[in-house]
Amino acid sequence: MDEFPTMAVASEGVEKMRAKEEKEQKMFPPSVDQEKAAECLCQHCPPRSTQETADYCCSSLFTFTPLQKGILLRDGLASKMKEFGSHPCIILDPFFVNFIMTEVAAKSSAQTYSMLMGEPITDIPRSYRYGCYRLLVATAMGHLGKGVRVRLPSCFVHATAMPDCVVCSKSRLPKQLHTFTSKARLREQWMTALTNDDSEKARLDITLRTAKARQFVCEDHFAEESFDITPNSRVLKVNAIPMSKRVSPTVIYRTPTPTVGNSPPPTPSPSASFPLLSSTPVARPRPPPLPSLRLAVAPIPPCCRCCCKQETPTEMKKDANWKPPSPTTHNLPESKYLIVSKDSLVRLLKRCNSCPSGQNNLEFTENGHALTCKCTCTTCGVVFNWSNSDVLKTANASPKEQLKEINIDMCVGSAVTAVGTARLNYFLNAVGLSKVSTRTFHRHKNDYLLPAVEHGETLQVAGDGSFDSRGYSAEWCRYFLNDAVTGEALVYVLMNKKETGSSGTLEVL
């Protein structure tokens, strides 16, 4: 039977695990002073005495040179933030205010994680806080892999704490809470508006006076008119008063009934009771709760089997006929080749297909009009090769011979239309396309095109040309080449004397 480890051995193991975790989550190299990295320059970090040793301010990411994880986080934030550099702290950017640090986003992230792990949510504030963490890492850095963790800025961690509303005791994100006013002239009005009677007001006053920390009121207790709303912010006005919870009874007097004759109208006695109409509550009605996401034990619909949860062999046998829908392609051009700009191609190949945050190293090889690229991801190390043309099979068994289909097509098209290498390269150079060397062009023509023509069917052709003027003063020459059997025009050439040097050479060509 194995013996239990001693207290010293257990403590040593715990210290090793703690040191390993701190090393993995470290964001800056040893050359950077950790105390300078933790110095708050954004005015939103908690006191240094409440932080851990490796905590840091968001401004340190852009002031010092971090490690690899810090570089990924810094570049991700710079690309995702809407007003990068306009605010002293990252949590003031609309990317955090409107997307990351919202209750809907935190709840959705927490319930999605609960569904995938099969564990119910027991601690709502903690689950929502970690939901914000996962949402920021997934959006700014992509998938890091199982067990890979990254330390986030102190200001963001502190801002995602979930304090309770002092009135309704609901946990909310800080952006949905407002500090209970400390102004004497407004404090009494706030307590009166947030309580139903004087006894509740007295209890709230005791709570506020004995609290060791700041107390908050959630935004549900304020009307829309109490906020200054802009497309990127929602700020509570300085003199805003919460909506009153106290409903004042409204007395509706009935119109006296007219009498017949000269008798005076009846006078209501002071003790007469009048029916009260049901008054409208002054407080803003609460929005309906959001529908909760299904748990992992729920059956998976066919539309989600590709992305939600891996099916077990037993589940697959129950529905053996189901298959994922086939991908479709719409409006594909009929042309065999397409022209793509170099910048667009590099942006497309730079992104790794295996990991969302990976970037590829590109190594291009050019062979005539054929282009190949070796892409190597700097994050996951995956390597794949891309080419703009297929390789044709040849009689040569050597694997070194790479006969690209696009080179043969360009050679055939140039020879059949009598364009020639010089005119073809002149056109390609004018439009910014890669040129083909004369040697490569004639090698493809002599080795592949002419043998195929000689072994093909016999073709009887007839040709004739004409000039725009007689003698040796012609500027233009046009030439036709027709099929003598069918009469179909095969080639039409229009040439200027500047291309040959003189009018006399036009006749020879």
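Structure shown above.
For the structure given in this document, a descriptive report is provided here. (Residues numbered from 1 in each chain as written. Predicted model: local features only at pLDDT ≥ 70, side-chain atom pairs only at ≥ 80, totals over all residues. Heavy atoms only, no water.)

1. Section: empty space enclosed by the protein
Okay, so step 1: Summed over all chains, the structure comprises 1 cavity of 30 Å³ or more.
Okay, so step 2: For the largest cavity, the calculated volume is near 60 Å³.
Okay, so step 3: Around the largest cavity, the lining residues are His369, Asn407, Met410, Cys411, Val436, Thr440, Phe441 and His444.
Okay, so step 4: Where the lining of the largest cavity is concerned, the elements lending two or more residues are helix 13 (405–416) and helix 15 (438–454).
Okay, so step 5: Of the residues that constitute the lining of the largest cavity, the class distribution is 4 nonpolar, 4 polar and no charged. (1 Å grid on protein atoms, 1.4 Å probe; cavity = no way out; pocket = protein on both sides within 12 Å on 5 of 7 lines; lining within 4 Å. Points joined across faces, edges and corners; volume = space filled by probe spheres on them. Helix = DSSP H or I, 4+ residues; strand = E, 2+ residues; numbered from the N terminus. Nonpolar A, V, L, I, M, F, W, Y, C, P; charged D, E, K, R; others polar.)

2. A few points about the pairing of strand 7 (residues 383–387)
Residues in a regular strand project their side chains so that they alternate between the two faces of the sheet.
Okay, so step 1: Alignment of strand 6 (residues 370–377) against strand 7, held across 5 bridges, turns out to be antiparallel. If you follow Thr372 over to strand 7, its bridge partner there is Ser387.
Okay, so step 2: Two successive antiparallel strands, strand 6 and strand 7, enclose a turn made up of 5 residues, where Gly381 displays a positive phi of approximately 80°. (Pairing = 2+ DSSP bridges.)

3. Comments concerning the pattern of salt bridges
Okay, so step 1: By the definition in use, this model includes 10 salt bridges.
Okay, so step 2: Ionic pairing is found between Arg74 and Asp75, a salt bridge with its closest N-O pair at 3.4 Å.
Okay, so step 3: The exposure class assigned to Arg74 is partly exposed, which follows from its relative accessible area of 23%.
Okay, so step 4: Assessed through its relative accessible area of 42%, Asp75 is described here as partly exposed.
Okay, so step 5: Residues joined in a network through salt bridges with shared partners are Glu52, Asp55 and Arg151. (Salt bridge = Lys/Arg side-chain N within 4 Å of Asp/Glu carboxyl O. Buried < 20%, exposed > 50% of the residue type's maximum accessible area, 1.4 Å probe, protein only.)

4. A closer look at helix 10 (residues 198–210)
Okay, so step 1: Here helix 10 is 13 residues long and its end C-alpha atoms lie 18 Å apart, about the 18 Å a rise of 1.5 Å per residue gives.
Okay, so step 2: Listed as buried for helix 10 are Lys201, Leu204, Asp205 and Leu208. For helix 10, the angular spread of the buried residues around the axis is 105°, confining them to a single face. Residues of helix 10 that are exposed and point more than 90 degrees away from the buried face comprise Arg203, Ile206 and Thr210.
Okay, so step 3: Looking at the buried side of helix 10, the elements it contacts are helix 9 (184–193). (Expected span 1.5 Å × (residues − 1). Arc of directions from axis to C-beta. Contact = heavy atoms within 4.5 Å.)

5. Focus on the packing of helix 9 against helix 10
Okay, so step 1: Here helix 9 crosses helix 10 at 130°, and the two axes come no closer than 9 Å. Between helix 9 and helix 10, the angle falls in the class oblique. Pair helix 9 / helix 10 crosses with right-handed handedness. Contact residues: helix 9 offers Arg187, Glu188, Met191 and Thr192, while helix 10 offers Lys201, Leu204, Asp205, Leu208 and Arg209.
Okay, so step 2: Taken together, the residues that form the contact of helix 9 with helix 10 break down as 3 nonpolar, 1 polar and 5 charged. (Axes fitted to C-alpha atoms, helices over the stretch in contact; angles between N-to-C directions. Parallel < 35°, antiparallel > 145°, perpendicular 65-115°, else oblique. Left-handed = near helix turned anticlockwise from the far one by under 90°.)

6. Comments concerning the packing of aromatic side chains
Okay, so step 1: Evaluated as defined, the whole model comprises 10 aromatic pairs.
Okay, so step 2: Summarising the aromatic geometry, the rings of Phe28 and Tyr56 are spaced 5.5 Å apart at their centres and angled 80° between planes, so their arrangement reads as edge-to-face. In this pair, Phe28 is assigned in the loop between helix 1 (7–24) and helix 2 (34–38) and Tyr56 in the loop between helix 2 and helix 3 (58–63), connecting sequence segments 28 residues apart. Here the two residues Phe28 and Tyr56 agree in accessibility, since each one is buried.
Okay, so step 3: Every member of this aromatic cluster is reached through a ring pair, and the members are Phe95, Phe96, Phe99, Tyr130, Tyr133 and Phe156.
Okay, so step 4: Here the guanidinium or amino end of Arg134 rests over the ring plane of Tyr113, the centre of that ring lying 3.5 Å away. (Phe/Tyr/Trp six-rings, centres within 6.5 Å; stacked < 30°, edge-to-face > 60°. Lys NZ or Arg CZ within 6 Å of the ring centre and 35° of its normal.)

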